[in-house]
Every structure is written in C-alpha cells, then in structure tokens.
Amino acid sequence: MEVSLSEACRLLANGQVVAIPTETVYGLAASIHQPEAVNRIFSLKKRPANNPLIIHVPKAEAVAEFAAVLPDDFKLLADAFWPGPLTLVLPVRTKLISEQIRAGLETAAFRVPNHPLTLQILEEIGPLVMPSANLSGRPSATTRAHVETDFGPDFPVVDGGACSHGVESTILCQVGEKWQIARQGALAAEDFVQILGYQPEIASYQKEARPLCPGQLYRHYAPKAKLILTKQAKSCAGTIIGYSDRNYPLAEQLFVLGRSTHSEEVGENLYSVLRDLDLKGVSQAYVDIDVPLDGLWATILERLKKAAI
Ligand code: TXA
Ligand code: MG
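Description of the structure in this document. This is a predicted model, so every value here is computed, not measured.

Topic: the overall build of the protein
Here comes step 1: A count of helical and extended segments in the protein gives nine helices and 13 strands.
Here comes step 2: In terms of overall size, the protein behaves like a compact globule, its C-alpha atoms giving a radius of gyration of 19 Å where 309 residues would be expected to give roughly 19 Å.
Here comes step 3: For the C-alpha atoms alone, the extent of the protein along its principal axes is close to 60 × 45 × 35 Å.
Here comes step 4: When burial is assessed residue by residue, the protein has 56% of its 309 residues classed as buried.

Structure representation (structure tokens):
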C-alpha cells in the first residue's frame, strides 16, 4: 500500500516498519532507536538473528558518532562513493548500537543511500536499519509490486519507482591493512582501484568459521524455478533467460535481462526477471551466462550462481 513520505516518517517515528526505495533495492526500514521495530524486521523477513543489519545514515559525518575508529581510507571512500551503493563495515562503540542490529559483532555496516526520498526520510528520522525488502532467501525487491508480493498488499511502501542499480550495495570490510569485498554488489572491484590504489580481493566463503559477511552463508536470490546456468543457451530448448541482442532459436519462452553489451541494464532487470519466473509458474529455465567475468558482470554471475543453488 503506497504511503506518502510524511506518512512514512510518522510510522517510523512511531516504531513501525516501512518499505522505502533506495538506488540499489527496496529496504525494510526501522529506526535504530526502536528495538521492537528492529525485532519485527527479523520476524517479517524470517531472517536468522545472526545476520546483522546495515545502518543507513543521511551523510558520512553521521558515522563518526558510532565508529570506534575511522580507518584512514574512510574519507576517501565516503567522498568517492557516498551517497551511493557502498557499505562499509567498521568497528563500533558497541553501546551505541543494539546487539540485535550487530548480531553480536563488534562491528556494524554503514551506508549513505542515493535516493532523494530516502535521504529526506533519513534527514527527518535519523539512522535507519534497512535489509532488502524481501522474504529471506527470495530475490530482492526492486519495485513496490515486489515488496507487496512478499509482504502483502497492505504493507506500507514509499513508491520511488524501479531501483536504478537493481543489485545490492558492495560491502567492504577491512582485513589487516587492506579492504576486502565481503559482498559483491553494484560497485565492481575495479571501481575501487583509483581510490584505494589496489583492487580489493573478493572474500572467500569456503567453510569460513567466521565469515566476513554472515549473510553470505545463506541461500539467496532464489526463484522457485530451477535455474540451469549455461554458455550454450543458444542450443537449449525450453524456457531461456537471455539477452535482447541474441537469438535463441529453440526457446519456447524467453525472459530478457537486457542487452548483453550493457551490464548495468542486466543488473537493473535481474531480480524482476527472477520474480517473473515465479509469476508465470516456470519450473525450470536455462540462463545464458556467456558473458564477461569482470566489472558488474562478476556481481551478476555471483547472484545467478546463488539463485541456481
Ligand atoms: O543495497 C543494500 O545494501 C540494501 C539496501 C536496502 O540498502 N540492503 C541490503 O541489506 O542488502 P541486507 O540486510 O539484505 O544485506 C546486508 C548484508 C548481510 O549479508 C549482512 O550479513 C551484512 O550486510 N552485514 C551487516 N552488518 C555486517 C557486519 N557488521 N559485518 C559484516 N557483514 C555485515
Ligand atoms: Mg538481502
């Protein structure tokens, strides 16, 4: 159910949960000062309690209050990418952020989102926790309709149109002297080279006892359909997820991600396409993954691999 910006602010101030748009995906927002609302986010999403939430703030300066230390590169990264699809994990003064938000860690994740409506809400209400507005495990929501599919038609949503990036923020964590990519996202590893002077490594999640990003251990982004990733989609028969500039002569049904030459377009459409499979009752689809491995494609391929598990 669409709510206005002022209604959303009123609900948030009263300890309710409201879905609001960001440039990456829609988020389920609650004030960090409303523990019951934060609790409700976990129950609404059916999210495991050991998966911490990102704190969204209206500007980089707002992070200083919470951080135990600000790393040397903090300002460089914030100046280059905020507001925008970057999340930074930082050591925090734990008394200021509830255990529930941090999932018991001594760090917390921060981001300044780049969406005019949400920046206005943050200015008015203050810091908000905001996981993606989907049931745990399902593809994230990039439109109001997606939010309403997961949480029902009466759930309050601020409608900001379709999200421009369509995939989540990139999460950086410091490991020793260097930053690592704890979750791939809308910013590619290559995007950091100019700012950091090196390309951050993508963290590995092979049987880590203490994963850099707890959320990476869970099943994610999955439609009900079984996805089969292939570089030979051109010779597959059945339902194909492919590109508008390619031919699939044997396709019985085609879902289009965008042009194979435009990773941004594909990122923007990815979750909509995965959700459309469910709306159309598709039980199996071949996904054309004959695409480059670098830039935003790396994020898209990571999402598709997870969706196919
Ligand atoms: O683009 C985004 O980041 C979206 C929009 C709404 O801002 N939010 C989002 O939140 O993707 P969520 O909850 O779906 O994913 C947050 C991820 C989880 O994988 C969680 O484990 C990780 O951030 N995270 C949160 N706090 C962390 C911390 N202190 N250390 C490591 N990872 C953390
Ligand atoms: Mg999520």
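Topic: the packing of aromatic side chains
Here comes step 1: With the rule as written, the count across this model stands at six aromatic pairs.
Here comes step 2: Centroid distance Y243 to W297: 6.2 Å. Interplanar angle 75°. Geometry classified as edge-to-face. Of this pair, Y243 sits in the loop between β11 (238-242) and β12 (251-256) while W297 sits in helix α9 (residues 296-307); the two residues are 54 residues apart in sequence, bridging distant segments of the chain. With respect to burial, Y243 and W297 carry one shared label: buried.
Here comes step 3: Seen from the ring of Y198, K178 lies directly overhead, with NZ or CZ sitting 4.7 Å from the centre.

Focus: the packing of helix α8 (residues 263-279) against α9
Here comes step 1: Closest axis-to-axis distance for the α8/α9 pair is 9 Å, and the angle between their directions is 15°. As summarised for this structure, α8 and α9 are arranged roughly parallel, according to the angle between their axes. Where α8 crosses over α9, the handedness of that crossing is left-handed. Only L296, W297, I300, R303, L304 and A307 of α9 make contact with α8, whose side of the interface consists of S263, E264, V266, G267, L270, Y271 and L274.
Here comes step 2: Residues that form the contact of α8 with α9 fall into these classes: nine nonpolar, two polar and two charged.

Reading guide: rules and limits
- Residues numbered from 1 in each chain as written.
- Chains lettered and ligands numbered in written order.
- Predicted model: local features only at pLDDT ≥ 70, side-chain atom pairs only at ≥ 80, totals over all residues.
- Heavy atoms only, no water.
- Helix = DSSP H or I, 4+ residues; strand = E, 2+ residues; numbered from the N terminus.
- Rg over C-alpha atoms; globule rule 2.2 N^0.38 Å.
- Buried < 20%, exposed > 50% of the residue type's maximum accessible area, 1.4 Å probe, protein only.
- Phe/Tyr/Trp six-rings, centres within 6.5 Å; stacked < 30°, edge-to-face > 60°.
- Lys NZ or Arg CZ within 6 Å of the ring centre and 35° of its normal.
- Axes fitted to C-alpha atoms, helices over the stretch in contact; angles between N-to-C directions.
- Parallel < 35°, antiparallel > 145°, perpendicular 65-115°, else oblique.
- Left-handed = near helix turned anticlockwise from the far one by under 90°.
- Contact = heavy atoms within 4.5 Å.
- Nonpolar A, V, L, I, M, F, W, Y, C, P; charged D, E, K, R; others polar.

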